[in-house]
Amino acid sequence: MTSAAETAADNDRRNVSDVVGVVVLGACAVWPLISATGRDGRPEGVLLAVLAVAAGYAAGRVSGSLLPVAAPCAGALAGLTLAVAMPQVAPGPQFTTPLGHAGAVAALLALATGGACCAAWATPVPALRFGLRMLAAGIAAAGAAVGSGPGCAASAVVLLCSLAAGRVRRRGPGIAGLALAAALVAGTVWAVAANVLPAGLTSALAGPLAEHRVQLWRDAVRLAHRNTGLGVGPGRFGELSGTAPGALLPDGKPHSAPLQQAAEQGLVGVLLLATAFCWILYALWRSPRSTPVTLTAGAALTALAAIAAVGNALSFTTVSAGAGLLAGLATARPWVAGVAAVPGG
């Protein structure tokens, strides 16, 4: 059994994690204002995304404490409903163009699958656990039904990772693996955008992507190189990109979260985005929930990070709020006896 001293130490680490989270989210809100100063930037979209993550995280912590099974199940059903019924939801505060909604649908399906799997691991009732896993499988099938191949694939990966998490005793290596996977995807996107890979490999990686998207990425890299410190200012990529206006319905975004941060907010913006993701993984590592729950949530959030690296998912408020909600659910301390678990190293 865990000693009182060890329990107190775990509580202290979780308190530190919460403080770090407040600082990181605060920095993510303040830096766009600094970057926009004197550059006619429009930081409203970034501020809305940060607010959505913070609100979702707070809601997840509260609902996860009170209803550790019902809350993630309800979140999964809500995410599935949004993905299926409202695929044309507009990104961020701009309610005039549906561009990029494919990435948002895929992200919502991945988060919904993560919520269903977290609920399955949280319940001690075998029949209910089986039903929730069937719900997760149904979410993946729904992705195929609505024509979201990436959403179906992401949901399937999250479900498989959740099943595998049941055999993991220590969550530390799993969390490290998720961080490595996200870094690998982001690094690959940057390498394709910067055109630093051999021609054959670049063609193979860029093949599944539209040429227009790759050109947007390369515009973002060029802008980032010219404005390494502050970036060109939030919301200004569309004005300065030579490729963005040529889209059928231009939305002024490079369709890659790290590249958009680099172009519009400079190196500091990229570091803040990476720090926010690392903070969430750290919070999952120190979570009082069981290892399968935390690794399942981590897998879903890593899938979201991968989708956001090659798409426009984080420009949608529903996706940002859903990510915060899932992270909050997986780091909440349940008030129900017997549900909480000592975090594994």
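Note that this is a predicted model, so its numbers are computed, not measured. (Residues numbered from 1 in each chain as written. Predicted model: local features only at pLDDT ≥ 70, side-chain atom pairs only at ≥ 80, totals over all residues. Heavy atoms only, no water.)

Draft legend 1. The arrangement of the nonpolar core in detail. Counting residues in hydrophobic clusters, the biggest one holds 54 residues, and the most contacted among them are Ile 139, Leu 284, Leu 301, Leu 304, Val 319 and Leu 326. The element best represented in this core is helix H4 (residues 101-122), accounting for 13 residues. Not counting residues up to four positions away in its chain, the partners in contact with Leu 304 are Ala 107, Leu 111, Ala 313, Leu 314, Val 319 and Ala 323. Among the nonpolar cores identified, the runner-up in size contains 15 residues, and Val 189, Leu 216, Phe 237 and Ala 309 belong to it. (Core = buried A, V, L, I, M, F, W, Y, C linked by side-chain atoms within 4.5 Å. Buried < 20%, exposed > 50% of the residue type's maximum accessible area, 1.4 Å probe, protein only. Helix = DSSP H or I, 4+ residues; strand = E, 2+ residues; numbered from the N terminus. Contact = heavy atoms within 4.5 Å.)

Draft legend 2. Up close: unusual backbone geometry. Despite not being glycine, Asn 195 has its phi angle at roughly 55 degrees, a positive value. With respect to the helices and strands, Asn 195 occurs in the loop between helix H7 (171-194) and helix H8 (199-206). Although it is not a glycine, His 255 adopts a positive phi angle of roughly 60 degrees. Along the chain, the position of His 255 falls in the loop between helix H10 (237-240) and helix H11 (257-285). Accessibility expressed as a relative area gives 10% for His 255, which makes it buried.

Draft legend 3. Region of interest: the packing of aromatic side chains. Taken as a whole and judged by the stated rule, the model has 2 aromatic pairs. When the ring of Tyr 282 is compared with that of Trp 285, the centres are 5.7 Å apart and the planes differ by 65 degrees; the resulting orientation is edge-to-face. Of the two residues, Tyr 282 and Trp 285 are both situated in helix H11; the distance of 3 residues between them amounts to about one turn of the helix. Trp 285 sits in the partly exposed class, given a relative accessible area of 28%. Across from the ring centre of Trp 121, 4.5 Å away, lies the NZ or CZ of Arg 133, which sits over that ring. The ring centre of Trp 285 lies 5.0 Å from the NZ or CZ of Arg 286, which sits over that ring. (Phe/Tyr/Trp six-rings, centres within 6.5 Å; stacked < 30°, edge-to-face > 60°. Lys NZ or Arg CZ within 6 Å of the ring centre and 35° of its normal.)

Draft legend 4. Examining helix H9 (residues 211-226) more closely. For H9, which comprises 16 residues, the first-to-last C-alpha distance of 23 Å matches the rise-based estimate of 22 Å (1.5 Å per residue) to within 8%. Inspection of H9 places Val 214, Leu 216, Trp 217, Arg 218, Asp 219, Ala 220, Val 221, Leu 223 and Ala 224 among the buried residues, and these make up the whole buried set. Where H9 is buried, its residues contact H7, H8, H10, H11 and helix H12 (291-309). (Expected span 1.5 Å × (residues − 1).)

Draft legend 5. Layout of the environment of Ala 308. Along the chain, Ala 308 turns up in helix H12. What makes Ala 308 buried here is its relative accessible area of 4%. The spacing of Ala 308 and Gly 103 is 205 residues in sequence and 7.4 Å in space, taken between C-alpha atoms. Contact partners of Ala 308, with chain neighbours within four places excluded, come to Ser 256, Ala 257, Pro 258, Ala 313 and Leu 314.

Draft legend 6. Broad picture of the pattern of salt bridges. For the structure shown, the criterion picks out 4 salt bridges. One salt bridge in this structure joins Asp 219 and Arg 222, with 2.1 Å as the shortest N-O distance. Taken together, the residues span about one helical turn, with Asp 219 and Arg 222 both in helix H9 at a distance of 3 residues. Asp 219 sits in the buried class, given a relative accessible area of 6%. Each of Arg 42, Arg 236 and Glu 239 takes part in one network of salt bridges that share partners. (Salt bridge = Lys/Arg side-chain N within 4 Å of Asp/Glu carboxyl O.)

Draft legend 7. Representation of the packing of H11 against H12 in the model. Where H11 contacts H12, the two axes come as close as 11 Å, and the packing angle between them is 170 degrees. Taken together, the axes of H11 and H12 lie roughly antiparallel to each other. Across the interface between the two elements, Ala 257, Pro 258, Phe 277, Ile 280 and Leu 284 from H11 touch Thr 294, Ala 297, Gly 298, Leu 301, Thr 302, Ala 305, Ala 308 and Ala 309 from H12. For the contact of H11 with H12, the class distribution of residues is 10 nonpolar, 3 polar and no charged. (Axes fitted to C-alpha atoms, helices over the stretch in contact; angles between N-to-C directions. Parallel < 35°, antiparallel > 145°, perpendicular 65-115°, else oblique. Nonpolar A, V, L, I, M, F, W, Y, C, P; charged D, E, K, R; others polar.)

Draft legend 8. Here's a closer look at the packing of H12 against helix H13 (residues 317-331). Close contact between H12 and H13 brings their axes to 9 Å; oriented N to C, the two are set at 165 degrees. When the axes of H12 and H13 are compared, the pair comes out roughly antiparallel. Classified by chirality, the crossing of H13 by H12 is left-handed. Contacts from Val 293, Thr 294, Ala 297, Ala 300, Leu 301 and Leu 304 of H12 reach H13 at Val 319, Ala 323, Leu 326, Ala 327 and Ala 330. (Left-handed = near helix turned anticlockwise from the far one by under 90°.)

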